[in-house]
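The residues making up each chain are set out below.
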Amino acid sequence: MAVEEGETPRSPEAKLGMQVEDLWDVQEPQLSPTEKLNACFESIPVSAFPSPPSQVIEIRSDTSLAEAVKLLARHKILSAPVVDVEAAEDASWIDRYIGIVEFAGIVVWILHQSEKMEGRSAFDSVMNGSEHDVGPAVAAAASGISSPRFKSMHPDSPTATCGKFFETLTSSDYYKNTKVGDISGSFRWAPFLALQKSNSFLTMLLLLSKYRMKSVPVIDLGDAKIDTVITQSAVIHMLEECAGLHWFESWGSKKLFELGLPLMKPSDIIKLYEDEPVLQAFKLMRQNGVGGVPVVANDGSKAVGNISIRDIQFLLITPGIYKDYRSITAKNFLTAVRSYLEMHQKESPLLSGMVTCRRDDTLKQVIMKLDSMKIHRIYVVDAAGNLEGVITLRDIISKLVHEPRGYFGDFFDGVLPLPANSRV
């Protein structure tokens, strides 16, 4: 909802934008636009950020991994704080929560099983339906059939990505009975760094950009609970609502190439070929610390789709949609998921196909696309449709503010340490 000149802002986000506008107008004229924005956001407490329409979704530590996946998918969120069911009623917030469970963490857990594979291959485990061996079976699947031993024994086997594999996994006690709390010590779910309501907007924006956090919990110290969770998507929506305001237009009217976007060279794009196993996409995401990869045609020049970290849900919640495929390649995965969504979730962003832009598009145009389509990345293409780069929500926020020298000081002291046996 853009703000037209002379119009009274009608959304909380637009009203917040007007607050920034008022601060912008009184900044020292010698300051650069970025320095002005830094000063504006430093003056606004994070408590001013509009609360989401629904309450914070929390997941108990005794929730099964299977149910956690369903909860994240049902509420269309990437992550949720995990409450320790053994914490005392009067526990502080740092004792009440054990971390944040997210789709990225679930992927890490699945991929981690590959390091435990012993004895029989995943092919034998799944095809023989051995319940005890389902854990190691997950391993080879998650590895994208990358084990040399697995390849040598079954070079043509589609087991690691066939429909029966996922049906076996999701119906197993191993998957159903694994609790969020049981595996939270195996790796870091996500950085659990919370803000207080008095912290500044600038602090929040830097955490969501330079420090790579996809969401930031805001703690109510009085209740020792999370009051709200601010996501990268929520910030992008706020920016979209500020279109038309002077401070936004002075920044958002710039073309992507003028801001140095995309940040990568075409040769640095992490991509997946359409005939590769779909789980290879999630392996690439883990290895490279990204939240999605483009699926490209076999000649490698044009993108045919996108797989995001949250799409792991479609392998775990709807395994039956792949039963007609001998193997679940990236292309088959996208085809099956789109067919499923056309029947059950017609509003899903996945049905939009590849969302692209050009280097000479403005940042404002990109923000409008990202917000209206509820997506986390957009691909930059040339006139022929060839991939030139990717722009994420984090990239955009990072162009809004910068970190002053020594800004955080000892802010990160006392952050929850990683478990002793952390793997990522």
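Given the structure is predicted, the values throughout are model-derived calculations rather than measurements. (Residues numbered from 1 in each chain as written. Predicted model: local features only at pLDDT ≥ 70, side-chain atom pairs only at ≥ 80, totals over all residues. Heavy atoms only, no water.)

Chemist: Honestly, the packing of helix H1 (residues 12–25) against helix H2 (residues 33–42) in this entry has me stumped. Any pointers?
Modeler: Helix packing geometry: the angle between the two helix axes and the distance between the axes. Closest axis-to-axis distance for the H1/H2 pair is 9 Å, and the angle between their directions is 120 degrees. Here H1 lies oblique to H2, going by the angle between them. Two packed elements cross with a definite hand, and for H1 against H2 that hand is right-handed. Note on element contacts: H2 touches H1 through Pro 33, Lys 36, Leu 37, Cys 40 and Phe 41, opposite Val 20, Leu 23 and Trp 24. Of the residues that constitute the contact of H1 with H2, the class distribution is seven nonpolar, no polar and one charged. (Axes fitted to C-alpha atoms, helices over the stretch in contact; angles between N-to-C directions. Helix = DSSP H or I, 4+ residues; strand = E, 2+ residues; numbered from the N terminus. Parallel < 35°, antiparallel > 145°, perpendicular 65-115°, else oblique. Left-handed = near helix turned anticlockwise from the far one by under 90°. Contact = heavy atoms within 4.5 Å. Nonpolar A, V, L, I, M, F, W, Y, C, P; charged D, E, K, R; others polar.)

Chemist: For this particular structure, what's the right way to read the pairing of strand E3 (residues 97–102)?
Modeler: Moving residue by residue along a regular strand, the side chains alternate between the two faces of the sheet. Counting buried positions along E3 yields five of six residues, so the element is predominantly enclosed. Here five bridges tie strand E2 (residues 79–83) to E3, and the two strands are oriented antiparallel to one another. Looking at the pairing, Pro 81 lines up with Ile 100 of E3. (Buried < 20%, exposed > 50% of the residue type's maximum accessible area, 1.4 Å probe, protein only. Pairing = 2+ DSSP bridges.)

Chemist: Would you mind showing me how to read the nonpolar core here?
Modeler: Generally speaking, soluble globular proteins have nonpolar side chains that are buried together. Within the largest apolar cluster, 51 residues are counted, with the highest numbers of intra-cluster contacts made by Phe 41, Met 204, Leu 239 and Trp 247. Those residues in contact with Phe 41 that sit more than four places away from it in its chain are Val 20, Ser 200, Phe 201, Leu 202, Leu 205, Trp 247, Leu 400 and Val 401. Listed in part, the 44 residues of the second largest apolar core include Leu 71, Trp 109, Leu 272 and Val 337. (Core = buried A, V, L, I, M, F, W, Y, C linked by side-chain atoms within 4.5 Å.)

Chemist: How should the packing of helix H13 (residues 232–241) against helix H18 (residues 363–373) be read in this particular structure?
Modeler: One can describe the packing of H13 onto H18 by two numbers: an axis separation of 9 Å at closest approach and a directional angle of 125 degrees. Comparing the axis directions of H13 and H18 gives the class oblique. Considering how the two elements wind past one another, H13 and H18 form a crossing that is left-handed. Residues Ile 236, His 237, Leu 239 and Glu 240 of H13 touch H18, and the partners they reach there are Ile 367, Met 368, Leu 370 and Asp 371. Split into classes, the residues belonging to the contact of H13 with H18 amount to five nonpolar, one polar and two charged.

Chemist: Would you explain the side chain of Ser 209 in this entry?
Modeler: Positionally, Ser 209 belongs in the loop between helix H12 (201–208) and strand E5 (215–220). Looking at Ser 209, the relative accessible area reads 1%, which means it is buried. In this view, Ser 209 contacts Arg 394, Ile 397 and Ser 398; residues no more than four positions away in its chain are not counted.

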